[in-house]
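Here is how the chains run, residue by residue.
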Amino acid sequence: MMAAGANGKTRNRRIGALLIAGAMMLAASDRACATDAAPIEPDPIRAAFFDDATFTLRLRSYLFDMSHNGDNNPAAWALGGWAGYQTGWIEDILQFGAVAYTSQPLWAPEDRAGSLLLLPDQDGISVLGQAYAALRYENQLLTVYRQMVNQPEVNPHDNRMVPNTFEGVSLAGQIDSLSYYAGYLTRMKTRDSDHFVNMAHVVDVDQDQPMYLGGLSYSPSKDFTAQTSLYVVPNLLASSYTDAKWMQGEADGDHMSLSGQFMIQSGIGEELMMGPDFQSWMVGVLGEIKHGNLTLMAGYTANGTDDAWQYPFGMWPGYTNMIIGVFTRAGEQAVLLGATYDAADIGLDGLTLSAQTAFDTHVADGLAHWNEYDFYADYSFKAIKTAPEWLAPLRLGVRYAILDSNNVGPRTDETDEIPVRLNSNELRVILNYEVQFTGKEL
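Residues numbered from 1 in each chain as written. Predicted model: local features only at pLDDT ≥ 70, side-chain atom pairs only at ≥ 80, totals over all residues. Heavy atoms only, no water.

Peer 1: I would appreciate a short explanation of the overall build of the protein in the present structure.
Peer 2: On a plain count of helices and strands, the protein comes out with two helices and 19 strands. Within the protein, the fraction of its 442 residues that count as buried is 39%. A separation of at least 24 residues holds for 60% of the contacts in the protein among residues at least 6 apart in sequence. (Helix = DSSP H or I, 4+ residues; strand = E, 2+ residues; numbered from the N terminus. Buried < 20%, exposed > 50% of the residue type's maximum accessible area, 1.4 Å probe, protein only. Contact = heavy atoms within 4.5 Å.)

As structure tokens, this is what we get:
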């Protein structure tokens, strides 16, 4: 009996041990299942390079046709655009980006080069125009290598197929109402080029020189903004720009504004770009009134009598910068008149019409007088409420300009020949289609 009782106790201990082991296995299994069900922490590297990355595709078609009674009548029709990639912020401080550009000829007569849509020989353009790394701390951003620069005189000049881009290092940021920019630029790719060259080579000076660029912008309120910038290319050129704008009302609604600008530039060091004693300056004023769907503007610019203004590194920021003519000649004074009308007022949502004219009131002796008439029509398909969603990013722009000149040179006392009257006509038709999405949307 005792043996039987001992065997029963031993069996009970074994059964108890098995039950305890089974319970422990079940508990471990439950913990494993709970672990499997817990959310997986996202990979920050994958998030930055894919999930939070931004992809941009801009398609562009551009027809350019200029004709006049001179020797050259540039024309081309190009198709292309750009594809861009920008990572999200890695640890909230580091970002990478790249943009590849292309412009390929659809119609490009060999004897009509010079449109700036293509290479000088009418071949296509393909180039990695931007490739950069960016570091940020609070409101300060440091950008390294190929990048876009958008300062008053050093800028993309994006009115063809491919914009200007630059190589170098830049630092930009904001402190309260003051924004700043500082750049050390070593090379530039112009609108009609597929490679980067030294800043001095842009103006055909056989010397390697960087550009030192700085800018400040001050906006204490929505009614007033002011900015100033300065760039220096040693042994070539020093150039400065300052403007201020006062506005009463809302930018998107009824308002009136008054702007003024002042520029001055000169040769520096060895003065290899323009030769010794180069000096130029310019002043301008611009007034604008918007009421309802109509905007009216009037402006005036005056240039110093010594030399014409030089703008090799971007679009000239003067108020009388027209489609064909740029009123920057020495001693030139010009008046600008313009109007813009939003046709939504008559049921044509998305259509904007503009007209401008600029004409000389004074030119230096020996220079021809210019009168230019520019017409713009812009249409955004986003305004068509019944259109499919994929059509919304499409924008159409048409530009037509007439430049009328009284002559191409001075009339001399030695001849009774009537000076040749120069007439230029220019047509531009631009289609843009841009889509942008993140990796999460793929």
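Peer 1: I would appreciate a short explanation of unusual backbone geometry in the present structure.
Peer 2: Glycine aside, negative phi is the norm for most residues, and most peptide bonds take the trans geometry. The backbone phi angle of H157 is positive, close to 50 degrees, even though this residue is not glycine. Here H157 is to be found in the loop between β5 (140-147) and β6 (165-175). A positive phi is found at D277, a non-glycine position, where the angle reads about 65 degrees. With respect to the helices and strands, the residue D277 is situated in the loop between β12 (255-267) and β13 (279-291). In this structure D277 comes out as exposed when scored by relative accessible area, which is 69%.

Peer 1: What's the story with the nonpolar core in this structure? I'm lost.
Peer 2: Nonpolar side chains tend toward joint burial in soluble globular proteins. With 32 residues, the main nonpolar core has Y62, Y101, L117, M161, I324, F327 and L336 as its most contacted residues. Mapped by element, the contributors of at least two residues to this core are β1 (54-68), β2 (75-86), β3 (94-107), β4 (125-137), β15 (333-342), β17 (370-380) and β18 (394-405). Residues L185, M188, V233 and L236 belong to the second largest nonpolar core, which totals 19 residues. (Core = buried A, V, L, I, M, F, W, Y, C linked by side-chain atoms within 4.5 Å.)

Peer 1: For this particular structure, what's the right way to read the packing of aromatic side chains?
Peer 2: Given two aromatic rings, one states the distance between the centres and the angle between the planes to describe the pair. Under the definition given, this model contains eight aromatic pairs. Relative to Y101, the ring of W82 lies with its centre 5.6 Å away and its plane at 55 degrees, an arrangement referred to as tilted. Linking W82 in strand β2 with Y101 in strand β3, this pair joins segments that are 19 residues apart in sequence. Each member of the pair, W82 together with Y101, is buried. Look at F327 and W370: their rings are 5.7 Å apart centre to centre, the planes differ by 80 degrees, and that puts the pair in the edge-to-face class. Placement of F327 in the loop between β14 (294-303) and β15 and of W370 in strand β17 is noted, with a sequence separation of 43 residues between them. Side by side, F327 and W370 carry an identical accessibility label, which is buried. These aromatic residues form a ring-pair network of at least three members: F55, Y85 and F437. Between the NZ or CZ atom of R329 and the centre of the ring of W370, over which it lies, the distance is 3.8 Å. (Phe/Tyr/Trp six-rings, centres within 6.5 Å; stacked < 30°, edge-to-face > 60°. Lys NZ or Arg CZ within 6 Å of the ring centre and 35° of its normal.)

Peer 1: Looking at this structure, how should I read a negative patch on the surface?
Peer 2: A contiguous patch of negative charge, built from E110, D111, D121 and D123, is present on the exposed surface. The residue D111 is located in the loop between β3 and β4 in this model. (Patch = residues over 30% accessible without salt bridge, like charges linked within 9 Å, V, L, I, M, F, W, Y side chains within 5 Å. Areas by Shrake-Rupley, 256 points an atom, 1.4 Å probe, with all protein chains shown as cover. Salt bridge = Lys/Arg side-chain N within 4 Å of Asp/Glu carboxyl O. Lys, Arg positive; Asp, Glu negative; His and termini not counted. Charge placed at Lys NZ, Arg CZ, Asp CG, Glu CD.)

Peer 1: Teacher, can you tell me more about the pairing of β3 here?
Peer 2: Within a regular strand, the side chains alternate between the two sheet faces. Summarising the sheet, β2 and β3 pair through ten bridges and their orientation is antiparallel. Residue pairing across strands places A83 opposite A100, the latter belonging to β3. Here β3 pairs with β4 via ten bridges, running antiparallel. Each residue of the ladder has a partner; that of A100, found in β4, is L128. (Pairing = 2+ DSSP bridges.)

Peer 1: Mind showing me how you'd approach the side chain of T320 here?
Peer 2: Structurally, T320 is set in the loop between β14 and β15. Here the side chain of T320 touches T301 through a polar contact of 2.8 Å, side chain to side chain. Apart from residues lying up to four places away in sequence, T320 is in contact with T301, G325, V326, F327, A334 and L336. (Polar contact = N/O pair within 3.5 Å; in protein donor to acceptor, adjacent residues only side chain to side chain.)

Peer 1: Mind showing me how you'd approach the pairing of β4 here?
Peer 2: Relative to β5, β4 runs antiparallel, the two sharing seven bridges. Residue pairing for β5: A133 is matched across the bridge by V144. The loop that links β4 with its antiparallel partner β5 comprises two residues; one of these, E138, has a positive phi angle of about 55 degrees.

As far as function goes, none of this settles anything; it's purely spatial.
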